[in-house]
Amino acid sequence: MSTSAVKKPIAKSGGKKKEVKKETGLGLTHKKDENFGEWYSEVVVNGEMIEYYDISGCYILRPWTMSIWEIMHDFFDKEIKAMKINNCYFPLFVSPGVLQREKDHIEGFAPEVAWVTKSGESDLEVPIAIRPTSETVMYPYYSKWIRGHRDLPLKLNQWCNVVRWEFSNPTPFIRSREFLWQEGHTAFATKEEADAEVLEILELYRRIYEEYLAIPVVKGKKSEMEKFAGGLYTTSVEAFIPNTGRGIQGATSHCLGQNFAKMFEINFENEKGEKAMVWQNSWAYSTRTIGVMVMVHGDDKGLVLPPKVASVQVVVIPVPYKDVDTQAILDACTNAVKTLSEAGLRVEADLRDNYSPGWKYSHWEMKGVPLRIEIGPKDMANNQVRAVRRDNFAKVDIPMATLVEQVNEMLADIQQNLFDIAKQKRDACIKVVYTWKEFAEALSEKKMILAPWCDDEEVEKDVKARTKGEMGAAKSLCSPFDQPELPEGTLCFASDRPAVKWTYWGRSY
């Protein structure tokens, strides 16, 4: 995807500098290390990602956000199409009868379901639910469309919005009442096919986080207590926010087993002519991914965007001085944009003449643009440009002759550096513990805790109960697929019974 745009000079406003600065809201009043929550709220607004809406928990996603979502959409959509998964669209509304068919599933979602109860002034005879997820919306039709083994596998995905009306602490991207996502729903003749797809999709989610958003994640399996309501098992990619000491579920890929097939009578005649039930999966990632990216990479100057997902990868800024040929500098900026755009990069020039270069630097730093190119009289004389990185503010002079090559190298380096730093910070927060005392200590230090566990649901409930407090209780995040060796005789950190696996624990969003 290649875009280029040149911001045209606009008439001088004649306003005082102070007013301009106030109006644009440049600079953050909170620091990431001192007041993370306020810092985050400020960054997403000042970075022009979102705008607050007059209904609590709902946010306007601005173009700066949507372009990131579109880049991830294009990657994921292409990959699932290669897996022969087709896009579709089901209605937003769910009838109560259908919603209540799968008991565990609706119990898991009941507090979050929003209901339409009126039409104009009249009460609806039967209230209608707004989808919190679409299993119960889609599966009655799977039972209609699947008759024999030749109808399988049935693999559908939809890009849509869902509504979950709950919680007291809405946070842009992380916990909102309406959000965008994709949800895949697939049906197979055998469990082996379903199991294989769960992991194939999970790997795509890892790639979104690690390759695109430059965020390290752990792939693993959720506990019985934390799995998807009504499913057989849940796998996830888990990220961690070092500043708050909280884990965050990045995306989930569920094997639903045959539970929903039983409820919705999704049966087929197999090759032997016998009646059988299908095996199903569902999997999703949402705009939450963008919030995780802001939390992990942002700094006290604003957003820091990985080049792979940045709407604008390079911003070109003229730096004219008095008594120099300003037009020649503006032309040089326009030519740099043209050269880089033709090479497939997303580039913009900021040629507005009512803002100083310094003001523009702060503005584009706030918006997280990975690379800034400055062109002044000295650069013109030397036939070069000055490049400044957003991740570490390193400055490099680049000859015009090698502009494309060096900018591409710098962007690749920024992408890798963001991942490396995030991994270094995340790894520094991981603490291996063996006893309850060590666990409690690590939790108070805001760590992501790896502990041997007996895999008992009652023990997990007990951990939650024992760690309840202002900060929220600790819970299991996932049991990593990449399991360290568990020496024989190792005991569970919480129950002193024999441990069966290593599990990550912590507070979470």
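Higher on the page you've got the structure.
Definitions and limits used
Residues numbered from 1 in each chain as written. Predicted model: local features only at pLDDT ≥ 70, side-chain atom pairs only at ≥ 80, totals over all residues. Heavy atoms only, no water. Helix = DSSP H or I, 4+ residues; strand = E, 2+ residues; numbered from the N terminus. Buried < 20%, exposed > 50% of the residue type's maximum accessible area, 1.4 Å probe, protein only. Contact = heavy atoms within 4.5 Å. Areas by Shrake-Rupley, 256 points an atom, 1.4 Å probe, with all protein chains shown as cover. Lys, Arg positive; Asp, Glu negative; His and termini not counted. Charge placed at Lys NZ, Arg CZ, Asp CG, Glu CD. Pairing = 2+ DSSP bridges. Salt bridge = Lys/Arg side-chain N within 4 Å of Asp/Glu carboxyl O. Phe/Tyr/Trp six-rings, centres within 6.5 Å; stacked < 30°, edge-to-face > 60°. Core = buried A, V, L, I, M, F, W, Y, C linked by side-chain atoms within 4.5 Å. Patch = residues over 30% accessible without salt bridge, like charges linked within 9 Å, V, L, I, M, F, W, Y side chains within 5 Å. Disulfide = S-S within 2.5 Å. Polar contact = N/O pair within 3.5 Å; in protein donor to acceptor, adjacent residues only side chain to side chain.

**Student:** Sorry if this is basic, but what is going on with the overall build of the protein chain here?
**Tutor:** Scanning the protein chain from N- to C-terminus turns up 15 helices and 24 strands. Referenced to the eigenvectors of the C-alpha coordinate spread, the extents of the protein chain come out at roughly 85 × 55 × 50 Å. A total of 509 residues make up the protein chain; the buried ones form 52% of that total. Of all intrachain contacts in the protein chain linking residues separated by at least 6 positions in sequence, the fraction that spans at least 24 positions is 70%. For the protein chain, the exposed area adds up to about 23500 Å²; of that, 50% sits on carbon and sulfur atoms. Between the mean site of the 66 positive side-chain charges and the mean site of the 73 negative ones, the protein chain shows a separation of 3 Å.

**Student:** For this particular structure, what's the right way to read the pairing of strand β23 (residues 475-480)?
**Tutor:** A regular strand carries its side chains on alternate faces of the sheet. Counted residue by residue, β23 has five buried out of six residues, so it is predominantly covered. As defined by bridge partners, strand β10 (residues 218-221) adjoins β23 across two bridges and the pair is classed as antiparallel. The residue of β23 that forms the bridge with K221 is S479. Pairing between β23 and strand β24 (residues 501-508): three bridges, direction antiparallel. Bridged to C478 within β24 is Y504.

**Student:** What's the story with the pattern of salt bridges in this structure? I'm lost.
**Tutor:** Pairing of side chains with opposite charge becomes possible as their charged atoms draw close. Applying the stated criterion across every chain, the model contains 31 salt bridges. One salt bridge connects R389 with D413, and the closest N-O pair in it is separated by 2.6 Å. Of this pair, R389 sits in strand β19 (residues 384-389) while D413 is found in helix α13 (residues 403-428), placing the two residues 24 residues apart along the sequence. We classify R389 as buried; its relative accessible area is 9%.

**Student:** Teacher, can you tell me more about the environment of V44 here?
**Tutor:** Along the chain, V44 falls in helix α2 (residues 36-46). Here the alpha-carbon distance between V44 and M295, two residues 251 residues apart in the chain, equals 9.8 Å. In this view, V44 contacts M49, I50, P172, F173 and V294; residues no more than four positions away in its chain are not counted.

**Student:** Honestly, the sheet that holds strand β6 (residues 114-119) in this entry has me stumped. Any pointers?
**Tutor:** Through backbone hydrogen bonds, the strands of a sheet pair up, either in parallel or in antiparallel fashion. With respect to topology, three strands assemble into an open sheet ordered β5-β7-β6, the strand pairing being antiparallel. Edge positions in the sheet fall to β5 (93-94) and β6, since each of these pairs with one other strand and no more. Pairing of β6 with strand β7 (residues 122-130), which is carried by five bridges, proceeds in the antiparallel orientation. What sits directly across from S119, in β7, is S122.

**Student:** It is not clear to me how α2 should be interpreted in this structure. Could you clarify?
**Tutor:** Along an α-helix, residues three or four apart share an orientation, since each turn contains 3.6 residues. What α2 keeps buried is the set F36, W39, Y40, E42, V43 and V44. On its buried face, α2 is in contact with β2 (50-52), β11 (233-241) and α9 (288-297). Among the residues trailing α2, E48 stands out with phi positive, at a value near 60°.

**Student:** Any chance you could explain the packing of aromatic side chains here in plain terms?
**Tutor:** By convention here, two paired aromatic rings are described through the distance between centres and the angle between planes. Evaluation of the coordinates by the stated rule reveals 28 aromatic pairs. Their ring planes at 55° and their centres at 6.4 Å tell us that W64 and W364 sit as a pair that is tilted. Residue W64 is found in helix α3 (residues 63-82), and its partner W364 is found in helix α11 (residues 357-366); the two are separated by 300 residues along the sequence. In this pair, the class of W64 matches that of W364, namely buried. Aromatic pair F493 and W505: ring centres 5.2 Å apart, planes at 65°, arrangement edge-to-face. Taken together, the residues F493 in the loop between β23 and β24 and W505 in strand β24 connect sequence positions 12 residues apart. Per residue, the accessibility class of F493 equals that of W505, and both read buried. In this structure an aromatic cluster arises from ring pairing among F90, Y139, Y141, Y142, W145, F260 and F264.

**Student:** What is the right way to look at the nonpolar core in this model?
**Tutor:** Generally speaking, soluble globular proteins have nonpolar side chains that are buried together. Counting residues in hydrophobic clusters, the biggest one holds 58 residues, and the most contacted among them are M49, F76, Y205 and M293. It is α3 that contributes the most residues to this core, eight residues altogether. Look past the residues within four positions of F76 in its chain and what remains in contact with it is W159, Q182, L204, Y205, I208, W283 and Y285. In terms of nonpolar packing, the next biggest core, distinct from the first, is built from 28 residues, C333, V385, I398 and V407 among them.

**Student:** It is not clear to me how a nonpolar patch on the surface should be interpreted in this structure. Could you clarify?
**Tutor:** On the surface, Y53, I55, I60 and W165 cluster together into a nonpolar patch covering about 380 Å² of accessible area. Mapped onto the elements, Y53 comes out in the loop between β2 and β3 (59-61). Assessed through its relative accessible area of 46%, Y53 is described here as partly exposed.

**Student:** So what exactly am I meant to see when it comes to the environment of L351 here?
**Tutor:** Relative to the elements of secondary structure, L351 occurs in the loop between β17 (347-350) and α11. For the pair L351 and G506, spaced 155 residues apart in sequence, the C-alpha separation works out to 48 Å.

**Student:** Help me out: how do you make sense of the state of the cysteines in this one?
**Tutor:** Taken as a whole, this structure holds zero disulfides when the rule is applied. Between C454, a free cysteine, and C492, which holds the nearest cysteine sulfur, the sulfur-to-sulfur gap is 3.8 Å.

**Student:** Sorry, what's going on with the side chain of N270 here?
**Tutor:** One can find N270 in the loop between β13 (267-269) and β14 (275-277). Side-chain polar atoms of N270 contact the backbone nitrogen of K272, separated by 3.0 Å. Apart from residues lying up to four places away in sequence, N270 is in contact with H149 and A276.

**Student:** What am I meant to see in unusual backbone geometry here?
**Tutor:** For residues that are not glycine, phi is negative in most cases, and the peptide bond is trans in most cases. In the segment running from L152 into P153, the intervening peptide bond is cis, with an omega of -5°. Tracing the sequence through the fold places P153 in the loop between α6 (135-145) and β8 (154-163). Phi is positive for F173, which is not a glycine, with a value near 70°. Secondary-structure assignment places F173 in the loop between β8 and β9 (178-188). Of the residues examined, F173 reaches a relative accessible area of 5% and is grouped as buried. Despite not being glycine, A214 shows a phi value in the positive range, around 60°. The topology assignment puts A214 in the loop between α7 (191-212) and β10.

So far we have only geometry, and geometry alone does not tell us how the molecule works.
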